[in-house]
Amino acid sequence: MTKIKCTVAYDGSQFHGYQVQPQKRTVQREIQAALARMHQGSTIKIVASGRTDAGVHAYGQVFHFESPLRIPLERWPMALNSLLPDDIYVRHAEAVPETFHARYDVKQKEYRYRLLTRPEPDLFRRAYTAHVAQPLDLEAMNQAAEAIVGTHDFSCFCAANTDVKDKVRTIFHLSVRQEKDDETVIRVVGSGFLYQMVRIITGTLLDVGKHQMAPERIAEIIAGGDRQAASATAPPQGLTLWKVTY
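Note that the structure is a prediction, hence the values are computed from the model and not measured.

Thresholds, definitions, all that
- Residues numbered from 1 in each chain as written.
- Predicted model: local features only at pLDDT ≥ 70, side-chain atom pairs only at ≥ 80, totals over all residues.
- Heavy atoms only, no water.
- Helix = DSSP H or I, 4+ residues; strand = E, 2+ residues; numbered from the N terminus.
- Buried < 20%, exposed > 50% of the residue type's maximum accessible area, 1.4 Å probe, protein only.
- Areas by Shrake-Rupley, 256 points an atom, 1.4 Å probe, with all protein chains shown as cover.
- Lys, Arg positive; Asp, Glu negative; His and termini not counted.
- Charge placed at Lys NZ, Arg CZ, Asp CG, Glu CD.
- Core = buried A, V, L, I, M, F, W, Y, C linked by side-chain atoms within 4.5 Å.
- Contact = heavy atoms within 4.5 Å.
- Arc of directions from axis to C-beta.
- Polar contact = N/O pair within 3.5 Å; in protein donor to acceptor, adjacent residues only side chain to side chain.
- Axes fitted to C-alpha atoms, helices over the stretch in contact; angles between N-to-C directions.
- Parallel < 35°, antiparallel > 145°, perpendicular 65-115°, else oblique.
- Left-handed = near helix turned anticlockwise from the far one by under 90°.
- Nonpolar A, V, L, I, M, F, W, Y, C, P; charged D, E, K, R; others polar.

Draft legend 1. Inspection of the overall build of the protein chain at higher detail. The helix and strand tally for the protein chain stands at five helices and 10 strands. When each of the 246 residues of the protein chain is scored for burial, the buried share is 50%. Just so you have it, the protein chain exposes about 12,400 Å², and 48% of that area is on carbon and sulfur atoms. When the 30 basic and 27 acidic side-chain charges of the protein chain are each reduced to a single mean position, those positions are 7 Å apart.

What follows is the structure in structure tokens.
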């Protein structure tokens, strides 16, 4: 048996998230179906670095699996992509030690949230950006971001319906910058993320950028640990899991 690590990109628009769910189209289901075809119907379970929600995209999601097939490593992406739908693309494959684990060995993850910042929406970018019709104060948003960087209990930025007890995480980098004339990108790198954490952070930074919340409030919100003190959860389509580092 060979343990194989794959880097995969997917357009989350037509998926009910990453994880297998009964009677629903998910990324994990599609990849495992392709692997089953390659293994003559045998179930090959994949283990990913983490889940993504419905509508969320990935450029650098990582998963591992074990296979008895003797396929040259450089041919695994081609073999899988020939069986996968066109909204999933395996970018890279490599052999890893038996001890490797795609979830538990993660050192840090990078997410990027893309905002379309112009008065009118763009129908052709609506699946990959969140539309914000009014101008944003990026300086204030970056000032607020400074309070989020570091190791904190992020209960305030976690969806209430989670069973995770330990909500301490470390954010290594958080920045907001104009990438195009009408697109703003929020880039966040951390040791790990709670359920909907990036989207809640984004929603809160958006309120700061709209001058609906003072940047100084962020430190108070984190210290208070109250989800209700933070802002609404930003929509999923602007979010991409960009990179996983081991």
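We are not done yet, so read on.
Draft legend 2. Geometry of the nonpolar core. Counting 69 residues, the largest nonpolar core has Ile-31, Phe-65, Leu-80, Ile-148, Phe-157, Leu-174 and Leu-205 as its most contacted members. Top contributing element to this core by residue count: helix H4 (residues 197-209), with seven residues. Leave out the neighbours within four places in its chain, and Leu-205 touches Met-141, Ala-144, Ala-145, Ile-148, Leu-174, Val-176 and Ile-186.

Draft legend 3. Representation of helix H5 (residues 217-224) within the structure. Taken as a whole, H5 has its buried residues at Ile-218, Ile-221 and Ile-222. Axial view of H5: buried residues confined to an arc of 95°, hence all on one face. In this structure, H5 carries Ala-223 and Gly-224 as exposed residues pointing more than 90 degrees from its buried face. Of the surrounding elements, those touching the buried residues of H5 are helix H3 (138-148), strand E7 (150-153) and H4. Looking one or two places after H5, you find Gly-225, whose phi comes out positive at around 70°.

Draft legend 4. Structural detail: the side chain of Glu-110. Summarising the element assignment, Glu-110 is placed in strand E5 (residues 108-117). A residue is classified by how much of its surface remains accessible, and Glu-110, at 8% relative accessible area, is buried. Within the structure, the side chain of Glu-110 is placed 2.8 Å from the side chain of Arg-187, a separation counted as a polar contact. Apart from the residues lying within four places of it in its own chain, the contact partners of Glu-110 are Arg-187, Val-188, Val-189, Thr-240, Leu-241, Trp-242 and Lys-243.

Draft legend 5. Layout of unusual backbone geometry. Positive phi is not limited to glycine here, since Gln-40 has a value of about 55°. One can find Gln-40 in the loop between helix H1 (27-38) and strand E2 (47-48). For Gln-196, which is not glycine, the phi dihedral falls at a positive 65°.

Draft legend 6. A look at the packing of H3 against H5. Across the interface, H3 lies against H5 with an axial gap of 8 Å and an inter-helix angle of 30°. Relative to H5, the element H3 lies roughly parallel. Where H3 crosses over H5, the two elements pack in a sense that is right-handed. Across from Ala-144, Ala-147 and Ile-148 in H3, the residues of H5 making contact are Ile-218, Ala-219 and Ile-222. Residue composition of the contact of H3 with H5, by class: six nonpolar, no polar and no charged.

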